[in-house]
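# An overview of the molecular structure
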Amino acid sequence: MRSQAAPPLGLGLAGCGRFGTFCLAAVADLADVVPVAVTDVEADRAAVLAAARGARAVPDLDALLAEPRVDVVIVATPPLDHGRIASDAAEAGKHVFCEKPLATELPAAIAACEA
């Protein structure tokens, strides 16, 4: 459990489909986590989810990772993109929660783990 004095963890979401929507709903009542930014290839979908969860829709992964208030990134995109997004997020200094599978190719999974 985080200290009462510590600010909540800022949550970034890559992928605003069913699983991403489920993840934001699952953390909605956690005092130590606050949705900060979401992104999706369908900007309208990101905007709707952001508005519903009090976050900001950003145009792409780079903008999500550049957001200094994002501490944790949930990867909820199609599996083909998981490894790259997980690696990019880890390399940006973010914690990562990735929907399974971590990657669809072994080299991408290794790179994500190494990052």
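Nothing here was measured: the structure is a model prediction, and the numbers come from that model.

So, how was this worked out
- Residues numbered from 1 in each chain as written.
- Predicted model: local features only at pLDDT ≥ 70, side-chain atom pairs only at ≥ 80, totals over all residues.
- Heavy atoms only, no water.
- Helix = DSSP H or I, 4+ residues; strand = E, 2+ residues; numbered from the N terminus.
- Buried < 20%, exposed > 50% of the residue type's maximum accessible area, 1.4 Å probe, protein only.
- Polar contact = N/O pair within 3.5 Å; in protein donor to acceptor, adjacent residues only side chain to side chain.
- Contact = heavy atoms within 4.5 Å.
- Salt bridge = Lys/Arg side-chain N within 4 Å of Asp/Glu carboxyl O.

If you trace the backbone, aspartate 40 turns up in the loop between β2 (33-39) and α2 (43-53). For aspartate 40, a relative accessible area of 10% gives the class buried. In terms of polar contacts, aspartate 40 uses its side chain to reach the backbone amide nitrogen of glutamate 42, at 2.8 Å. Here arginine 45 takes part through its side chain, which lies 3.0 Å from a polar atom of the side chain of aspartate 40. If near-sequence neighbours (up to four positions away) are discounted, aspartate 40 is found in contact with Gly15, Cys16, Gly17, Arg45 and Ala46.

Scanning the model with the defined rule gives five salt bridges in all. Two residues, arginine 45 and aspartate 40, come together in a salt bridge whose shortest N-O distance is 3.0 Å. Residue classification places arginine 45 among the partly exposed residues on the basis of a relative accessible area of 34%. Between arginine 69 and glutamate 67 there is a salt bridge, with the nearest N and O atoms lying 3.0 Å from each other. By relative accessible area, glutamate 67 is classed as buried at 9%.

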